[in-house]
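# Chain and residue survey
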Amino acid sequence: MESTHISALQTKHAGLERQIQMEMSRPLPDDTLVAQLKRKKLKIKEELSGTH
């Protein structure tokens, strides 16, 4: 897998982590949104781990 693709995945992963943290810091976090973001993050992590 080319490095630009890996970099893009890492950037998306970091962005999702920020979104999750922002949502979790709200007084009433949207559990459905958090679960969706975590699923997306996991999918990216699995794709990244398959590249090594």
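First, a word on what this report is: a plain description of the structure on this page. (Residues numbered from 1 in each chain as written. Predicted model: local features only at pLDDT ≥ 70, side-chain atom pairs only at ≥ 80, totals over all residues. Heavy atoms only, no water.)

Looking only at helices and strands, the protein features two helices and zero strands. Relative to the 2.2 N^0.38 estimate, which gives 10 Å for 52 residues, the radius of gyration of the protein is 12 Å and therefore markedly larger than a compact globule would have. Taken along the three principal axes of its C-alpha coordinates, the protein extends 40 × 15 × 10 Å. Every one of the 52 residues in the protein was classed for burial, and the buried ones make up 21%. Counting every atom, the protein has about 4,100 Å² of accessible surface; 56% of that belongs to carbon and sulfur. (Helix = DSSP H or I, 4+ residues; strand = E, 2+ residues; numbered from the N terminus. Rg over C-alpha atoms; globule rule 2.2 N^0.38 Å. Buried < 20%, exposed > 50% of the residue type's maximum accessible area, 1.4 Å probe, protein only. Areas by Shrake-Rupley, 256 points an atom, 1.4 Å probe, with all protein chains shown as cover.)

Bringing the environment of Ser49 into the picture now. Along the polypeptide, Ser49 turns up in helix H2 (residues 31-49). Residues Ser49 and Met24 lie 25 residues apart in sequence; the distance between their C-alpha atoms is 26 Å. A distance of 3.0 Å separates the side chain of Ser49 from the backbone oxygen of Glu46, its partner in a polar contact. (Polar contact = N/O pair within 3.5 Å; in protein donor to acceptor, adjacent residues only side chain to side chain.)

With that settled, the discussion passes to the nonpolar core. Listed in full, the eight residues of the largest apolar core are Ile6, Leu9, Leu16, Ile20, Val34, Leu37, Ile44 and Leu48. Listing elements by their share of this core, those giving two or more residues are helix H1 (3-25) and H2. If near-sequence neighbours (up to four positions away) are discounted, Leu37 is found in contact with Leu16, Gln19 and Ile20. (Core = buried A, V, L, I, M, F, W, Y, C linked by side-chain atoms within 4.5 Å. Contact = heavy atoms within 4.5 Å.)

Turning our attention to the environment of Lys43. Counting through the fold element by element, Lys43 comes out in helix H2. Separated by 10 residues in the primary sequence, Lys43 and Leu33 place their C-alpha atoms 15 Å from one another.

This brings us to the pattern of salt bridges. Between side chains of opposite charge, pairing is possible as soon as their charged atoms come close. Counted under the stated rule, the structure contains two salt bridges. Lys41 is the salt-bridge partner of Glu17, the closest N and O atoms lying 2.1 Å from each other. Of this pair, Glu17 sits in helix H1 while Lys41 sits in helix H2, placing them 24 residues apart in sequence. Given the relative accessible area of 27%, Glu17 is considered partly exposed. (Salt bridge = Lys/Arg side-chain N within 4 Å of Asp/Glu carboxyl O.)

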